[in-house]
Amino acid sequence: MTAKYLSVRTYIHDCFKNFPWASQRQFETIWQYVDHLLAGRGFGRQALLRTGLTEMTDRMIQYHLCHLAYYLHCFKQTQQRHFTKVDRRRIHQLAFDDVGNSRAGQKVFASSYYYNHAQSSVDWGQVLVDTAIVTKRVVDVDYRPYLPQPYLDRVQQPQTEFYTKNQIAQELFNIHLERLIQQGVPLSKIWASFDC
């Protein structure tokens, strides 16, 4: 007998459907937008309208996306409750990295010039410091945006808001290390890896 695996699209849809949204309309709006991106149909408003999403006004998209961070945080907490059983005998790997995300436009949050190691070029975009906790499977993924000094100067934010990538990684490390310790994982079973 072969195992039956749900498609990524079906799995994400089921997760979204079972999430406690504030309203059915909110679920439909966010799901249509995410499904549009999953299908790779384009990123602009005109691309959305060409796929038949005519009822999604700019105002609705903006409202729901502005509030999406809170709902995704709740969604993540709900998912973590499903994985409360931690195998304390296994090694838990905390893997850290930074990843660039090419963007366009001067008004994009946290955007600046950064060196793209994969392409050996200087690109314009955002840089995220991320971590994944892995045992036999991925247990959790977390990230923080890196706010470079040129960006803070451009938006006239104080330099006290500047944190190096190492400082951000340290913050993520402390958060997830404490969480694993609270779940009873011994220190000898918690490993961490960084690139140079």
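Scroll up to find the structure this text is about.
Here's what I pulled together on the structure shown here. All values reported here derive from a predicted model rather than from experimental measurement. (Residues numbered from 1 in each chain as written. Predicted model: local features only at pLDDT ≥ 70, side-chain atom pairs only at ≥ 80, totals over all residues. Heavy atoms only, no water.)

## Observations concerning the packing of helix α1 (residues 8-18) against helix α2 (residues 24-38)
Logical step 1: Axis separation between α1 and α2 bottoms out at 11 Å; the angle between their running directions is 165 degrees. Taken as axis vectors, α1 and α2 run roughly antiparallel relative to one another. Judged by the sense of rotation from one axis to the other, the crossing of α1 with α2 is right-handed. Along the contact surface, α1 presents R9, I12, H13, F16 and K17, while α2 presents F27, I30, W31, V34, D35 and L38.
Logical step 2: Of the residues assigned to the contact of α1 with α2, the class counts are seven nonpolar, one polar and three charged. (Axes fitted to C-alpha atoms, helices over the stretch in contact; angles between N-to-C directions. Helix = DSSP H or I, 4+ residues; strand = E, 2+ residues; numbered from the N terminus. Parallel < 35°, antiparallel > 145°, perpendicular 65-115°, else oblique. Left-handed = near helix turned anticlockwise from the far one by under 90°. Contact = heavy atoms within 4.5 Å. Nonpolar A, V, L, I, M, F, W, Y, C, P; charged D, E, K, R; others polar.)

## Some words on the pairing of strand β3 (residues 121-134)
Logical step 1: Here strand β1 (residues 92-102) runs beside β3; their pairing, made up of 10 bridges, is antiparallel. Looking at the pairing, L94 lines up with I133 of β3.
Logical step 2: Between strand β2 (residues 112-116) and the antiparallel strand that follows it, β3, lie four residues; S120 among them carries a positive phi value of about 55 degrees. (Pairing = 2+ DSSP bridges.)

## Looking at the pattern of salt bridges
Logical step 1: For the coordinates displayed, the defined rule picks out six salt bridges.
Logical step 2: The residue K17 makes a salt bridge to D14 at a minimum N-O spacing of 3.9 Å. Of this pair, K17 and D14 both sit in helix α1, three residues apart, roughly one helical turn.
Logical step 3: The class of K17 is partly exposed, set by a relative accessible area of 47%.
Logical step 4: Overall, the relative accessible area of 23% leaves D14 in the partly exposed class. (Salt bridge = Lys/Arg side-chain N within 4 Å of Asp/Glu carboxyl O. Buried < 20%, exposed > 50% of the residue type's maximum accessible area, 1.4 Å probe, protein only.)

## Description of a nonpolar patch on the surface
Logical step 1: On the surface, Y113, Y115 and V122 cluster together to form a nonpolar patch covering roughly 370 Å² of accessible area.
Logical step 2: With respect to the helices and strands, the residue Y115 is situated in strand β2.
Logical step 3: Accessibility expressed as a relative area gives 44% for Y115, which makes it partly exposed. (Patch = residues over 30% accessible without salt bridge, like charges linked within 9 Å, V, L, I, M, F, W, Y side chains within 5 Å. Areas by Shrake-Rupley, 256 points an atom, 1.4 Å probe, with all protein chains shown as cover.)

## Details of the side chain of D142
Logical step 1: Locating D142 in the fold gives a position in strand β4 (residues 138-146).
Logical step 2: Setting aside residues up to four positions removed in sequence, D142 forms contacts with K76, V129, D130, T131, L172 and H176.

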